[in-house]
Each structure stands twice: as C-alpha cells, then as structure tokens.
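Descriptive analysis of the structure
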Amino acid sequence: MSPNSQTPPVAEMVERLVATDNLPDELHCIRTRTQEYAGGREETRFEIWERPPVAFRQVVLSAETVREPDFEVESAFTLGIESMGADVMIQNETGLAEYDSETNQYRKHEFEPPTDAGGHVTDPPFVGSAPEENFDVAYDGTDTVAGRETHVLTFRPTDDTEWVHRGFEYVTLWVDAEYWFPLAHETTYDVQEGGLLQVDADESLGDETYCQTTTFEEITFDAGIEDAKFRVPDDAERVD
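Conventions and cut-offs
Residues numbered from 1 in each chain as written. Predicted model: local features only at pLDDT ≥ 70, side-chain atom pairs only at ≥ 80, totals over all residues. Heavy atoms only, no water. Helix = DSSP H or I, 4+ residues; strand = E, 2+ residues; numbered from the N terminus. Buried < 20%, exposed > 50% of the residue type's maximum accessible area, 1.4 Å probe, protein only. Contact = heavy atoms within 4.5 Å. Areas by Shrake-Rupley, 256 points an atom, 1.4 Å probe, with all protein chains shown as cover. pLDDT = per-residue confidence, 0-100. Pairing = 2+ DSSP bridges. Phe/Tyr/Trp six-rings, centres within 6.5 Å; stacked < 30°, edge-to-face > 60°. Lys NZ or Arg CZ within 6 Å of the ring centre and 35° of its normal. Salt bridge = Lys/Arg side-chain N within 4 Å of Asp/Glu carboxyl O. Core = buried A, V, L, I, M, F, W, Y, C linked by side-chain atoms within 4.5 Å. Arc of directions from axis to C-beta.

1. Focus on the overall build of the chain
Regarding its fold elements, the chain presents two helices and 14 strands. Here the chain, with 240 residues, has 46% of them falling under the buried criterion. The contacts in the chain between residues at least 6 apart in sequence include a share of 59% that link residues at least 24 apart. When the accessible area of the chain is evaluated, it comes to approximately 12300 Å², of which 40% is carbon and sulfur surface.

2. Here's the deal with the confidence of the model for the chain
Averaged over every residue, the pLDDT of the chain is 84; the share at 70 or more is 83%. When mean pLDDT is taken per element in the chain, strand S14 (residues 237-238) scores highest with 95 and helix H2 (residues 131-134) scores lowest with 73.

3. Focus: the sheet that holds strand S6 (residues 95-100)
Spatial ordering of the open sheet is given by S8-S9-S10-S11-S13-S1-S2-S3-S5-S6-S7-S14, a layout of twelve strands whose pairing is mixed. A strand with exactly one partner marks an edge of an open sheet, and here the two such strands are strand S8 (135-145) and S14. For S6 and strand S7 (residues 105-110), the ladder comprises six bridges, and the chain directions are antiparallel. Bridge pairing in S7 places Glu98 opposite Arg107.

4. Structural notes on the packing of aromatic side chains
For the structure shown, the criterion picks out seven aromatic pairs. When the ring of Phe181 is compared with that of Phe216, the centres are 5.9 Å apart and the planes differ by 55 degrees; the resulting orientation is tilted. Of this pair, Phe181 sits in the loop between strand S10 (168-176) and strand S11 (182-190) while Phe216 sits in strand S13 (residues 209-221), and the two are 35 residues apart along the sequence. Across the pair, Phe216 and Phe181 agree in class, each one buried. An aromatic cluster of at least three residues, connected via ring pairs, comprises Phe135, Phe155, Phe168 and Tyr189. The ring of Trp49 has Arg57 sitting right over it, with the charged end atom 5.8 Å from the ring centre.

5. Section: the environment of Val10
Topologically, Val10 is positioned in helix H1 (residues 10-18). Owing to a relative accessible area of 27%, Val10 belongs among the partly exposed residues under this scheme. Once you skip the residues sitting within four places of it in the chain, Val10 turns out to touch Val137 and Tyr139.

6. Observations concerning the pattern of salt bridges
Summed over the entire model, instances satisfying the criterion amount to ten salt bridges. Between Arg51 and Glu26 there is a salt bridge whose closest N-O contact spans 2.9 Å. With Arg51 in strand S2 (residues 40-51) and Glu26 in the loop between H1 and strand S1 (27-37), this pair connects stretches of sequence that are 25 residues apart. Look at Arg51 and you get partly exposed, because its relative accessible area is 24%.

7. Here we look at the nonpolar core
Formed by 21 residues in total, the largest nonpolar core has its most connected members in Val73, Phe155, Phe168, Leu173, Val175, Leu197 and Tyr210. Elements with a minimum of two residues in this core: H1, strand S9 (148-157) and S10. Judged by nonpolar contacts, the second largest core, of 19 residues, contains Phe46, Trp174, Ala184 and Phe221.

8. A short note on H1
Regarding H1, the residues found buried are Met13, Val14 and Leu17. Around the axis of H1, the buried residues are gathered within 95 degrees of arc, so they sit on the same side. With respect to the buried face of H1, the exposed residues turned more than 90 degrees away are Ala11 and Glu15.

What follows is the structure, given as structure tokens:
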C-alpha cells in the first residue's frame, strides 16, 4: 500500500506531524531558503546531514542577496551559520562548532545537547507547539517535493495561539507522506507581532511582513552517514 493510498483526516495528519516515533533515523539533503522582507530578497542553499537527536552538519553551498533590504531582520526561522563567518556548522554530543573550510579553523561552543529532544533541526520552528490546538488547519491536497509524495497543510493562528506564534499570517507545509516530515514550508509573518523576529529599524514598520520559503531539492532518508560527518577534521585548528 502506498503512503497516500488513503488520505487520513486532518486531525490525524497533524498528530502524525508532531509525533517523533515515525521520523527517519537519518537524513541527507540539499535545501534552499528564500527570505523576502523590507524590499529585499536573500537566497541561500545548504547541504545538510542529520542524525537526531544530537548530530547535525550544515554546509552553506551559496548565499546571495538578490536585493538589499531597507532594514535588517534576525529570524528564528534561520539557522544563521552563513552570518557567523564560517561555512560549516557541526553539532555533536560535545557541543557546536563553527568551521571555516578555507582556513581549516573552527570555533567551539561546548555544551551538552539534550539527548531526549524530539524532531529534527530542519523542522519549521512552530512544529511541536501544539498546532492542533493553536492553529486552524486546512488540507490543500497532495503535491510532489524532491520526487516524493507530500500532503499539503496550511496553518493559521487562532485566538488561543501562543504569543510567540501569533504573528504568523499562515504556514503551509508540504509533509512527506511516508515519514510525515516537512519537505517544504512557506510562511508569512507580521514583522511587528510575536517574538520570532528581531528588527533593526528606527521607524514605524507599518504592515511589513517577513516571508520565507524553504524547499528540499534532494533528500535521502536512512542511507547511512559516516560518523566523521559530525566532527571537525582531526587536523583543524581551534581558535577563540
């Protein structure tokens, strides 16, 4: 039986989406992210390896500012490694490293990552925040992303939505029909509302919105990732 031989009810889809026992053990993907705000447009392309709940590696393949924004926005929707001066981010059980592949140097942030965390780093940030209670959910049919069948779900906040998520106008997810893992998402967020954006602007923001789209171009689940992917090279130099 194919993953989409029968379409489950919307409530069951949301339940599967926030569950963690159906997720793949590993993933390797190419993902693109587009951000549009304040008249600007930024496009970033990543390669990602992930083995929840701790191991993660992200490489910035390209980062381009197509149009300069009128003001800067720091977003909780982004992982931000491209702004750290490094092109690789590596997380493992010892902490987080920002690695510069050109200089073969890295900075280390030592901490103990939670070993019981659910989900993937690549999830949209609101997943896991009780969307079945705090959002109106609409089913928009099926689509194909990265060659895989997906269910399309659109979430809109209600009066009960947590303050931090109340700025969403909508979030649309393209959810893998086998693993119930989001393969694409599109969201629009009111810049002045909620707590997911930090804005560097002196004037009134009016009805400015922040729009983000992420899409997996390629994705492979459970193909086997070498442990070395989640470590900096042995000959790399640590710097402060």
